[in-house]
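# Reading the structure
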Amino acid sequence: DQQVKQNSPSLSVQEGRISILNCDYTNSMFDYFLWYKKYPAEGPTFLISISSIKDKNEDGRFTVFLNKSAKHLSLHIVPSQPGDSAVYFCAASAGAGGTSYGKLTFGQGTILTVHP
Amino acid sequence: DAGITQSPRHKVTETGTPVTLRCHQTENHRYMYWYRQDPGHGLRLIHYSYGVKDTDKGEVSDGYSVSRSKTEDFLLTLESATSSQTSVYFCAISPGTGYSNQPQHFGDGTRLSIL
């Protein structure tokens, strides 16, 4: 049972344009959502997160949107750059602290390719 | 970068042999995690630790054990390796203090091949 899904295995965009990566989840207990970026032979790097009390969070070129009613989140990258080419994972957690211990459930990942 | 070191970075071994992977952190973080990454599955949680000697199972814990005798070290052991455990293994850490949401930070992984 895949509780976090990234239905697009890959995405190709032109440099300077917007990249939109999508993620769906099924567990209504998830209340903290994150995006990670991963280059080959390296570990995932934290990009941006959002708590369920918000519907948008921005950090420079990266914006995450959360639609709780649709159980959907997206990552927008504007403008896209060739260095953004990587695998992007969304992840979700249920509850801060307590017995959740910050455990993350990950999506399958989306390979983003930004062409010069 | 978070001070996380995984060792070894690469290992090839044979079916049936024991294997231990080490994660060492210099951040004094309370929470530590082991994940495996496989094509089509993203990252899946194997085991995690919420303090010294405090560990619990994750989603894919069968065939794995862990130990944490010091804050800085979290060991993952495959008692008798099988080919299905060929994967890339990532360690992650998180402060685990208070009740605010905090991201996990990852090491660079161990590529394990079991022949």
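In this report, the structure presented in the accompanying data block is examined. Being a predicted model, the structure only gives us computed values, none of them experimental.

## A word on unusual backbone geometry
A cis geometry characterises the amide bond from A:Val78 onward to A:Pro79, with omega recorded as -10°. Topologically, A:Pro79 is positioned in the loop between strand S8 (72-77) and strand S9 (86-93). Cis peptide bonds are those with omega within 30 degrees of zero, and the linkage from B:Ser7 to B:Pro8 qualifies with -5°. When you line up the elements, B:Pro8 lands in the loop between strand S1 (4-7) and strand S2 (10-13).

## As for the nonpolar core
Residue and element names in this part refer to chain A. Among the nonpolar cores identified, the biggest contains 23 residues, and Phe33, Trp35, Leu73, Leu75 and Tyr88 are the most heavily contacted of them. Taken together, the elements giving at least two residues each to this core come down to strand S3 (19-25), strand S4 (32-38), strand S5 (45-51), strand S7 (62-67), S8, S9 and strand S11 (110-115). The leading source of residues in this core is S9, at four residues. If sequence neighbours within four positions are ignored, Leu75 has contacts with Ser19, Ile20, Leu21, Trp35, Leu47, Ile48, Phe62, Thr63 and Tyr88.

## Description of the interface of chain A and chain B
In this complex, chain A contributes 23 residues to the contact, which on the side of chain B involves 24 residues. Around 1,900 Å² of area is buried between chain A and chain B when both sides are counted, 61% of it from carbon and sulfur atoms. Looking at the side of chain A facing chain B, the largest losses of area belong to A:Tyr32, A:Tyr101 and A:Phe106, adding up to 29% of the total buried there. The tally of links between chain A and chain B comes to zero salt bridges. Summed over the shared surface of chain A and chain B, the result is four residue pairs in polar contact (both at pLDDT 80 or more). Elements that contribute at least two residues to the side of chain A that touches chain B include exactly S4 and S5 of chain A.

## Points about the state of the cysteines
Residue and element names in this part refer to chain A. The tally for this structure, following the rule as stated, stands at two disulfides over all chains. Each sulfur in the disulfide pair Cys23 and Cys90 lies 1.9 Å from the other. Across the S-S bond of Cys23 and Cys90 the torsion is about 65°, and the bridge reads as right-handed. Here the residue Cys23 occupies a position in strand S3, and Cys90 occupies one in strand S9, the gap between them amounting to 67 residues.

## A look at a nonpolar patch on the surface
Residues and elements named next belong to chain A. Side chains of Ile18, Ile20 and Val78 sit close together on the surface and give an oily, nonpolar patch of about 230 Å² of accessible area. Position of Ile18 relative to the elements: it lies in the loop between strand S2 (10-14) and S3. With relative accessibility at 41%, the residue Ile18 sits in the partly exposed group.

Rules behind the numbers
Per chain, the residues get numbers from 1 upward, laid out in the order the sequence is written. Both sets of labels track the order of writing: A upward for chains, 1 upward for ligands. pLDDT decides what is reported in this predicted model: residues at 70 or higher carry local features, side-chain atom pairs at 80 or more are listed and counted, and totals for whole chains, interfaces and linings draw on all residues regardless. The side-chain values count all of the structure's non-hydrogen atoms but skip hydrogen atoms and water molecules. Secondary structure counts use DSSP, requiring at least four H or I residues in a row for a helix and at least two E residues in a row for a strand, with both numbered from the N terminus. To qualify as a nonpolar core, a set must consist of buried Ala, Val, Leu, Ile, Met, Phe, Trp, Tyr and Cys residues joined through side-chain atoms within 4.5 Å. Each residue is assigned to one of three classes by its accessible area relative to the maximum for its type, calculated with a 1.4 Å probe on protein chains only: buried under 20%, partly exposed between the two thresholds, exposed over 50%. Note on contacts: a residue pair qualifies if any of its non-hydrogen atoms lie within 4.5 Å across the two residues. As a working definition, buried area equals the accessible area (1.4 Å probe) given up by two parts on being put together, with both sides summed. Basic side-chain nitrogens of Lys or Arg form a salt bridge, by our definition, when they fall within 4 Å of a carboxyl oxygen of Asp or Glu. Polar contacts, as used here, are pairs of N or O atoms within 3.5 Å; protein pairs need one atom able to donate a hydrogen and one able to accept it. Residues neighboring in sequence count only if both atoms are side-chain atoms. Only a pair of cysteine sulfur atoms within 2.5 Å counts as a disulfide in this structure description. Residues form patches when they are more than 30% accessible in relative terms and have no salt bridge. Like charges link within 9 Å. Nonpolar side chains (Val, Leu, Ile, Met, Phe, Trp, Tyr) link within 5 Å. Only the protein chains shown count as cover for residues, and all accessible areas are computed by the Shrake-Rupley method using a 1.4 Å probe.

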